[in-house]
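# Structural description and commentary
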Amino acid sequence: MRSLQITDWCHAIFQTFVLRDGVYVDATMGKGRDTLFLCRLAGEKGQVWAFDIQEEALKLTGSLLETEGMSGRARLILCGHEHMDRYLAPESVDGICFNFGYLPGGDHRIATQAETSVAAVEQGLRLLKPGGVMSLCIYSGGDTGFAEKEALLGYLKKLPSEAYTVILSPYYNRRGDPPLPVFVFRQK
């Protein structure tokens, strides 16, 4: 059995619950691995929107999509994830992926922040269709800090249970501060 990383786990759960050929958002583009995953789910009929504040992320993602034969399948947008609503209508999205923290191998001083991340999740919940899914990979160790994790968890805990189901799926036997996979399911 292969090692199950947080993104593998989030992808497995995500694809179990979303409709194929849907509308998906990669809210934190990074190197484009979630964008590529979503492009495969979207197929020829669906749509993928990917956001990041770093031009390097757009270049890396564009290159990955081209290498994988998915060029042109996603709209790569140089914009903070807290502004997704400028591009997408309420209740128009089947699934949203978040990968909080910093660009792997990039400048650790440029990372997602509690205030904008909570605002982005709030925006994302308004964009989700009934039955939609949101996955959040929350990294809190090292130099990414714990403030973002605590702010996100505090926000998610207050979501009304009649409208959303929030599931935390922590790694139980990893030392230090392992990443935290979280899933939000919008009720129908």
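Just so you know, these numbers come straight off a predicted model, no measurement behind them.

### Regarding the pattern of salt bridges
This model, assessed by the stated rule, comprises 5 salt bridges. Among the salt bridges present, the one from Glu91 reaches Arg186, with a minimum N-O distance of 2.8 Å. Note that Glu91 is positioned in the loop between β3 (74-78) and β4 (93-99) and Arg186 in strand β7 (residues 180-186), a separation of 95 residues in sequence. Glu91 gets classed as partly exposed once you look at its relative accessible area, which sits at 43%. When the shortest N-O distance is used, the salt bridge between Lys129 and Asp94 registers 3.4 Å. Remark: Asp94 occurs in strand β4 and Lys129 occurs in strand β5 (residues 128-138); sequence separation between them is 35 residues. Classification of Lys129 as partly exposed rests on a relative accessible area of 29%.

### With respect to helix α1 (residues 6-17)
Here α1 contains 12 residues, and its C-alpha end-to-end distance of 17 Å stays within 8% of the 16 Å for a straight helix at 1.5 Å per residue. Among all positions of α1, only Ile6, Cys10, His11, Ile13 and Phe14 are buried. Looking at the packing, one finds that the buried side of α1 touches β1 (23-26), α2 (33-42), β4, β5 and β7.

### Overview of the environment of Val121
Residue placement: Val121 occurs in helix α4 (residues 114-127). Setting aside residues no more than four positions away along its own chain, Val121 makes contact with Phe98, Phe100, Met134, Leu136, Leu152, Tyr155 and Leu156.

### Some words on the sheet that holds strand β2 (residues 47-52)
Ordered in space as β3-β2-β1-β4-β5-β7-β6, the 7 strands form an open sheet in which the pairing is mixed. Edge positions in the sheet fall to β3 and β6 (164-168), since each has one partner strand and no second. Between one strand axis and the next, the sheet turns by 15° as a mean value, whatever way the strands run. Relative to β5, β4 is paired through 6 bridges, and the arrangement is parallel.

### Some remarks on the side chain of Asp26
Following the sequence through the fold, Asp26 ends up in strand β1. A distance of 3.2 Å separates a polar side-chain atom of Asp26 from the backbone nitrogen of Thr28. Those residues in contact with Asp26 that sit more than four places away from it in its chain are Asp34, Thr35, Leu38, Trp49, Ala50, Phe51 and Cys97.

### Brief notes about the packing of α1 against α2
Packing of α1 against α2 brings their axes to within 12 Å, and their N-to-C directions diverge by 25°. Between α1 and α2, the angle falls in the class roughly parallel. Crossing of α1 over α2 shows right-handed handedness. Contacts from His11, Phe14 and Gln15 of α1 reach α2 at Arg33, Asp34, Phe37, Leu38 and Leu41. By residue class, the composition of the contact of α1 with α2 is 4 nonpolar, 2 polar and 2 charged.

### Some thoughts on the nonpolar core
A general trend in soluble globular proteins is that nonpolar side chains are found buried together. Grouped together as the largest cluster of nonpolar side chains are 30 residues, with contacts concentrated most on Val25, Phe98, Val121, Met134 and Leu136. Counting only elements with at least two residues in this core, the list comes to β1, β2, β4, α4, β5, α5 (147-157) and β7. Element by element, the count of residues in this core is highest for α4, at 5 residues.

Rules used in this analysis
Residues numbered from 1 in each chain as written. Predicted model: local features only at pLDDT ≥ 70, side-chain atom pairs only at ≥ 80, totals over all residues. Heavy atoms only, no water. Salt bridge = Lys/Arg side-chain N within 4 Å of Asp/Glu carboxyl O. Helix = DSSP H or I, 4+ residues; strand = E, 2+ residues; numbered from the N terminus. Buried < 20%, exposed > 50% of the residue type's maximum accessible area, 1.4 Å probe, protein only. Expected span 1.5 Å × (residues − 1). Contact = heavy atoms within 4.5 Å. Pairing = 2+ DSSP bridges. Axes fitted to C-alpha atoms, helices over the stretch in contact; angles between N-to-C directions. Polar contact = N/O pair within 3.5 Å; in protein donor to acceptor, adjacent residues only side chain to side chain. Parallel < 35°, antiparallel > 145°, perpendicular 65-115°, else oblique. Left-handed = near helix turned anticlockwise from the far one by under 90°. Nonpolar A, V, L, I, M, F, W, Y, C, P; charged D, E, K, R; others polar. Core = buried A, V, L, I, M, F, W, Y, C linked by side-chain atoms within 4.5 Å.

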